[in-house]
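# Observations on the model geometry
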Amino acid sequence: MMKIYYKIAIAILSIFAVGHMAYTFYEYTALTENALWFFSASLAMLFNVILNALIWLTKNHYAIWGAIASNLLMLLFSIVLSIVIREPQAVVLALVYLLVVILSMMSAVEYL
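What comes next concerns the included structure. Quantities reported herein were computed from a predicted structural model and do not represent experimental measurements.

### Structural notes on unusual backbone geometry
Positive phi, normally seen in glycine, also occurs at arginine 86, with a value near 50 degrees. Note that arginine 86 resides in the loop between helix H3 (61-85) and helix H4 (88-111).

Next comes the structure, spelled out in structure tokens:
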């Protein structure tokens, strides 16, 4: 059952990433430095999703530890982000990353 929750959490992160990518083109009408930075955040989320998918696709211990490290860094960043910008989507993202950190660590115990 935990694997299903983990896959759902990864799917939610991928929705955040793709939504963030799409919102870039709505928010910024020109290719500016701010637009590129905004889009790069969605790329970071997307690469984090890929790392998390590698946990249950490969069960490789390097992928597991890489994903956990990435999840912890993204959690820390999303907490700081939610404190700085104080918008609901930032708080929800931090909560989703907290869930992903917990589930990835539980998966690590199961796979290692």
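### As for the nonpolar core
Of all hydrophobic cores here, the largest spans 21 residues; its most connected members are Tyr6, Leu13, Met45, Tyr97 and Val100. Where this core is concerned, the elements lending two or more residues are helix H1 (2-27), helix H2 (33-58), H3 and H4.

### Details of the environment of serine 70
With respect to the secondary-structure elements, serine 70 resides in helix H3. The spacing of serine 70 and alanine 94 is 24 residues in sequence and 14 Å in space, taken between C-alpha atoms. Sequence-distant contacts of serine 70, that is, excluding residues within four places in its chain, are made with Asn48 and Leu51. Within polar-contact distance, the side chain of serine 70 engages the side chain of asparagine 48 at 2.6 Å.

Conventions and cut-offs
Within each chain, residue numbers correspond to sequence positions counted from 1 in written order. At least 70 in pLDDT is required for a residue's local features to be given in this predicted model, at least 80 for side-chain atom pairs to be given and counted, and no such filter applies to totals for whole chains, interfaces and linings, which use all residues. Computation of side-chain values covers all heavy atoms of the structure but excludes hydrogens and water. Only DSSP runs of H or I reaching four residues or more are called helices, and only runs of E reaching two or more are called strands; each is numbered from the N terminus. As used here, the term nonpolar core means buried Ala, Val, Leu, Ile, Met, Phe, Trp, Tyr and Cys residues forming a set that is joined through side-chain atoms within 4.5 Å. Burial classification: accessible surface area is computed with a 1.4 Å probe over protein chains only, and a residue below 20% of its type maximum counts as buried, one above 50% as exposed, and the rest as partly exposed. In this description, contact between two residues means that some pair of their heavy atoms is separated by no more than 4.5 Å. We call two N or O atoms a polar contact when they sit within 3.5 Å, provided that within protein one can donate a hydrogen and the other can accept it, with sequence-adjacent residues counted only if both atoms are side-chain atoms.

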